[in-house]
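# Residue-level structure breakdown
What follows is the residue order along each chain.
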Amino acid sequence: MTLRSRWWLPAAVLVLTMIQLAVGAFADLPQFEGKGFGARLWAYPLMMMLVPAIWFAWRSRGTSEASRGARAAGREGIPWLAFALVMLGFLVDVTGNTLDLYDSVVWWDDANHFVNWIFLNAGLGLLLVPSVEKRWARVLLVTGLGAILAIGWELGEWYTFIRHGTELDTAYQDTLGDEALGTLGAFVAGLLVINHRRRPTS
């Protein structure tokens, strides 16, 4: 069994994340207070499943005219590793909250924005770069996508809990730093997947 056929990788990441989300939303624990876990409980699973849902929807369009044999062969081509990488950052984030690392470790938040954006954009890159011929364009694609996602994430954080929280005084500086770290992480991800090629399915 190849790494690409191990469906349990994204499944395990999803289940572990949802368990901690439920604990954070319903348990009265201090490390989850003011962290918007009520919103994360539904938003995180939706975001985690978005990329696989789009991939399978696009694949069903592409295989609608294919033969049954080609469709069966394509089952081994499902990019489970890419899906797991896209989801992994959400697990790291909720685990950091569960262990109270955001409040007890000074550098944890910054490290998360950098490392989680490597995970997220490496997963997206594995899906996208095989269709891009130029290597420099691959890095640019992944980095640019990561920058856009970093901006979107910061907007979501502000709307969910910063605007009504106690971090408004430092929100501007933190937002700029997080966006820069996310973009840098996406650049590293682009370098990691620059030579990725789509494997044949037959």
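Quick caveat: nothing in here was measured; it's all calculated off a predicted structure. (Residues numbered from 1 in each chain as written. Predicted model: local features only at pLDDT ≥ 70, side-chain atom pairs only at ≥ 80, totals over all residues. Heavy atoms only, no water.)

Among the nonpolar cores identified, the biggest contains 19 residues, and Val 51, Phe 83 and Val 193 are the most heavily contacted of them. Residue assignment for this core shows that the elements contributing at least two residues are helix H4 (80-98), helix H6 (108-128), helix H7 (135-162) and helix H8 (171-192). Per-element tally for this core: the top contributor is H6, with six residues. Counting residues in hydrophobic clusters, the runner-up holds eleven residues, among them Leu 21, Phe 37, Tyr 44 and Val 94. (Core = buried A, V, L, I, M, F, W, Y, C linked by side-chain atoms within 4.5 Å. Buried < 20%, exposed > 50% of the residue type's maximum accessible area, 1.4 Å probe, protein only. Helix = DSSP H or I, 4+ residues; strand = E, 2+ residues; numbered from the N terminus.)

Turning to the packing of aromatic side chains, a few remarks are in order. With the rule as written, the count across this model stands at twelve aromatic pairs. Their ring planes at 65 degrees and their centres at 4.9 Å tell us that Phe 32 and Phe 37 sit as a pair that is edge-to-face. With a centroid separation of 6.5 Å and 85 degrees between ring planes, the pair formed by Tyr 102 and Trp 108 is classed as edge-to-face. You'll find Tyr 102 and Trp 108 in the same group, each marked buried. Ring-pair connections join several aromatic residues into one group, and the members of that group are Tyr 44, Phe 90, Trp 117 and Trp 153. (Phe/Tyr/Trp six-rings, centres within 6.5 Å; stacked < 30°, edge-to-face > 60°.)

This part takes up the UniProt feature "transmembrane region" (unreviewed entry) in the protein. The positions that UniProt labels "transmembrane region" (unreviewed entry) are, in the present scheme, residues 37-58, 78-94, 114-132, 139-156 and 176-194. Annotated as 79% helix and 0% strand, the span residues 114-132 places its first and last C-alpha atoms 25 Å apart. (UniProt positions renumbered as here; feature names shortened; annotations may be inferred.)

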